[in-house]
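# Reading the structure
Here are the chains, one letter per residue:
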Amino acid sequence: MKLLKNKIFECGTVTDGNILRVENFINHQMDIKLFNEMGKEFKERFKDTKIDKILTIETSGIGISAIVAQYFDYVPVVFARKFPSAIISENTYNYEVYSYTKKITNMVRVDKEFLKEGENVLIIDDFLANGCAAVGLINIVKQAKANPIGIGIIIEKGFQGGRKAIEDLGVKVESLAIIDHFEDGKVVFR
Ligand code: G4P
């Protein structure tokens, strides 16, 4: 998606450790005009299947998912919790997700009330790196006997294993920008 790639060129910075920093328009401050364009693009890419619900994971998946949902007839957005919460019930689907970036494991949880058998679920997230979060969300959708229709990602790090991990589970991946590699502190798109 050209608009997104231009924004990354203009505002993104690459830090040591192969991290693309985009907190000025995605991860901290959010560019809502851009998010709306991304919402339209996700709709275009997943227009062939009726979507009943969007599933994401806190924190950064929530903002984009809320915008995307408006292009899918205002379907509900459910976010998986990865931080302890007093208000989540005990009746949850759970999956352990390891973060390579942060070197920690989180128990990701979704209340059983909010994912139902037979629902068509679109998973949305900001980054795809190793795919641990995405695989965890697919697993949770499957625990609910719902259908993981696909995964929509804003920025995919194409040199990591995330896409393969998802496609090996038979789930379609659509990324709006795919980074092939970093070169001299700059992003090279695929
Ligand atoms: P994975 O989920 O694909 O396996 O990736 P990984 O464990 O490596 O990523 C852990 C966290 O780091 C995720 O966010 C992921 O989105 C983020 N991340 C990975 N690579 C990059 C990068 O190059 N740039 C940025 N900005 N983020 C990256 P998180 O910890 O869940 O963050 P948040 O949603 O709570 O903000």
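Presented here is a report on the structure given in the accompanying data block. As the structure is a prediction and not an experimental result, all values here were calculated from the model. (Residues numbered from 1 in each chain as written. Predicted model: local features only at pLDDT ≥ 70, side-chain atom pairs only at ≥ 80, totals over all residues. Heavy atoms only, no water.)

Near the ligand there are 22 residues, and of these Leu20, Lys82, Thr101, Lys102 and Gly131 occur at the shortest range. Taking Thr59, its main chain carries an N or O atom lying 3.2 Å from an oxygen atom of the ligand. A distance of 2.8 Å separates an oxygen atom of the ligand from a polar side-chain atom of Ser60. For the ligand, the protein covers 86% of the area, taking 710 Å² as the surface of the free molecule. According to the grid-proximity analysis, the pocket containing the ligand is the largest pocket. Listed by contribution, the elements that provide at least two residues to the shell around the ligand are strand E2 (19-21), strand E5 (92-99), strand E7 (120-128) and helix H5 (132-143). Looking at the shell around the ligand residue by residue, the classes come out as nine nonpolar, eight polar and five charged. (Near = heavy atom within 4 Å. Polar contact = N/O pair within 3.5 Å; in protein donor to acceptor, adjacent residues only side chain to side chain. Areas by Shrake-Rupley, 256 points an atom, 1.4 Å probe, with all protein chains shown as cover. 1 Å grid on protein atoms, 1.4 Å probe; cavity = no way out; pocket = protein on both sides within 12 Å on 5 of 7 lines; lining within 4 Å. Sits in = over half its atoms within 2 Å of the grid points. Helix = DSSP H or I, 4+ residues; strand = E, 2+ residues; numbered from the N terminus. Nonpolar A, V, L, I, M, F, W, Y, C, P; charged D, E, K, R; others polar.)

A separate point is the pairing of strand E10 (residues 186-189). Along a regular strand, successive side chains alternate from one face of the sheet to the other. Only one face of E10 is covered, namely the one carrying Val187 and Phe189; the face carrying Lys186 and Val188 has none of its residues buried. Relative to E10, strand E9 (residues 172-183) runs antiparallel, the two being bridged by four bridges. Looking at E10, one finds that Glu183 is bridged to Lys186. Hairpin connection from E9 to E10: two residues lie between these consecutive antiparallel strands, with Asp184 at a positive phi of about 50 degrees. (Buried < 20%, exposed > 50% of the residue type's maximum accessible area, 1.4 Å probe, protein only. Pairing = 2+ DSSP bridges.)

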